[in-house]
Amino acid sequence: MDPTPVALVTGAGAGIGEATARLLRERGHVVLAVDISPEALSWVDSVDGIQAVAADVSSEADNAAMVRTAVDSYGRLDVAVLNAGIARRTHWEAEDAVEAYDRIMAVNARGVVLGVRHAAPVMAEGGGGSIVVVASTSGVRADPERFAYNASKAAAINLARAAALDWAARGVRVNVLAPGPTSTAILQGGKVSPEHLAELTRNIPLQRMARPEEQAEAICFLASPAASFVTGAVLMCDGGITANAGIFPPPPLLTA
Ligand SMILES: NC(=O)c1ccc[n+]([C@@H]2O[C@H](COP(=O)([O-])OP(=O)(O)OC[C@H]3O[C@@H](n4cnc5c(N)ncnc54)[C@H](O)[C@@H]3O)[C@@H](O)[C@H]2O)c1
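Notes on the structure in this doc start here. (Residues numbered from 1 in each chain as written. Predicted model: local features only at pLDDT ≥ 70, side-chain atom pairs only at ≥ 80, totals over all residues.)

### Focus on the site of the ligand
Of all residues adjacent to the ligand, which total 29 residues, the nearest are G11, G13, G15, G85 and T184. Here the element with the most residues in the shell around the ligand is helix α1 (residues 15–26); it accounts for three residues. Split into classes, the residues belonging to the shell around the ligand amount to 15 nonpolar, 12 polar and two charged. (Near = placed C-beta within 6 Å. Helix = DSSP H or I, 4+ residues; strand = E, 2+ residues; numbered from the N terminus. Nonpolar A, V, L, I, M, F, W, Y, C, P; charged D, E, K, R; others polar.)

### Some thoughts on the pairing of strand β1 (residues 6–10)
Put simply, side chains in a regular strand alternate between the two faces of the sheet. Of all five residues making up β1, five are buried, and the element is well covered by its neighbours. The parallel pair β1 and strand β2 (residues 30–35), bridged by α1, forms a crossover whose chirality is right-handed. Where β1 lies against strand β4 (residues 79–82), three bridges are found, and the strand directions are parallel. Counterpart to V9 in the pairing with β4 is V81. (Buried ≥ 20, exposed ≤ 12 C-beta atoms within 10 Å, placed from the backbone. Right-handed = clockwise from strand over helix to strand, strands pointing away. Pairing = 2+ DSSP bridges.)

### Details of the packing of α1 against helix α6 (residues 212–223)
Their axes nearest at 8 Å, the elements α1 and α6 cross at an angle of 55 degrees. In terms of orientation, α1 lies oblique with respect to α6. α6 is crossed by α1, and the crossing has right-handed handedness. Here G15, I16, A19, T20, L23 and L24 of α1 come into contact with α6, specifically with P212, E213, Q215, A216, E217, I219 and C220. (Axes fitted to C-alpha atoms, helices over the stretch in contact; angles between N-to-C directions. Parallel < 35°, antiparallel > 145°, perpendicular 65-115°, else oblique. Left-handed = near helix turned anticlockwise from the far one by under 90°. Contact = placed C-beta atoms within 7 Å.)

### A closer look at the environment of G128
Within the secondary structure, G128 is located in the loop between α3 (97–125) and β5 (129–134). By C-beta crowding, G128 is classed as partly exposed, having 15 other C-beta atoms within 10 Å. Distance from G128 to G171, taken between C-alpha atoms, is 4.3 Å for residues 43 residues apart in sequence. For G128, the residues in contact, after removing those within four places along its chain, are M123, G171 and V172.

### Here's the deal with the packing of α3 against helix α4 (residues 147–167)
The N-to-C vectors of α3 and α4 enclose an angle of 15 degrees; their axes lie 9 Å apart at closest approach. Our classification of the angle between α3 and α4 gives roughly parallel. Crossing hand, α3 versus α4: right-handed. Across from A100, Y101, I104, M105, N108, A109, V112, V113, V116, A120 and A124 in α3, the residues of α4 making contact are A148, Y149, A151, S152, K153, A155, A156, L159, A160, A163 and W167. Its residues assigned to classes, the contact of α3 with α4 shows 19 nonpolar, two polar and one charged.

### Overview of the sheet that holds β2
The strand order across the open sheet built from seven strands is β3-β2-β1-β4-β5-β6-β7, with neighbouring strands paired in parallel fashion. Among the strands making up the open sheet, the edge pair consists of β3 (50–54) and β7 (234–237). Across this sheet, the average inter-strand angle for adjacent strands is 20 degrees, counted without regard to direction. Bridging between β2 and β3 involves five bridges; their strand directions are parallel.

### Re the nonpolar core
Membership of the largest hydrophobic core comes to 70 residues, with the highest contact counts inside it found for V9, A33, V81, I131, V133 and I219. Here this core takes nine residues from α3, the largest share from any one element. Filtering out sequence-adjacent residues up to four positions away, V9 remains in contact with G17, T20, A21, L24, V31, A33, V34, V81 and N83. (Core = buried A, V, L, I, M, F, W, Y, C linked by C-beta atoms within 7 Å.)

### Here's the deal with the environment of T231
Within the secondary structure, T231 is located in the loop between α6 and β7. Taking the C-alpha atoms as reference, T231 lies 28 Å from S183; in sequence the two are 48 residues apart. Those residues in contact with T231 that sit more than four places away from it in its chain are A164, A168, R173, V174 and N175.

Here you go:
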């Protein structure tokens, strides 16, 4: 009988990460739910087969420790979902712009470097595995007033492609899930105005935001043996946003 697959999910305290940890568990994995905030992981207490691990993905020591926990607890690591991310408005002239840039890059890009660096060798040793990097539509297009986030997600995408090339021969697949607007705390909690959210939805061809569970489904597909010949791919899960060349919804003149 095959051993129970072991998965870790970073940023699993909320949103897409929590939905992914729950779905991987449902699909038969034991799961390490990793988050910088131990309080955010309190939901884990009620789910058998999910273990909470406190770690900051921008720290090399924490990445080493979270992978070590997987190996010490379960003897292997099959899936790593590098999902933890932060988003902040950045203005070029703001006093804290460079500081904000450094922190966003540390979590969203350096976090991917460290995640791959520590997870991939252990997966390779165990015969192979699958890494899914959660980037964003903001990594293939740019949003206004978010230069740091845009840069960090573009970096995450190409880091994943580079990792896919470098680890393919050792049986580790690396893919990217690029979500569009998804109803989680990152978009809510007052950080984005209701008017902006309404405008955002109007510009999504499917006319709504995603649910975190929809992103989790796409992540689990990339992580699973169903995607066994998929590596270095970027799966857009964005309701059609990046299919658009710039005019959406259609103005009256074009529909007449
Ligand atoms: N929600 C969206 O609309 C959307 C769109 C595109 C991409 N994304 C990306 O999806 C991922 C998840 O986003 P979400 O909306 O679920 O976010 P969220 O804010 O709901 O959850 C993110 C979780 O990551 C944790 N976290 C933050 N910094 C961390 C660190 N340094 N180390 C470990 N954990 C950390 C937070 O504590 C939080 O629990 C992010 O990478 C985000 O950029 C989200």
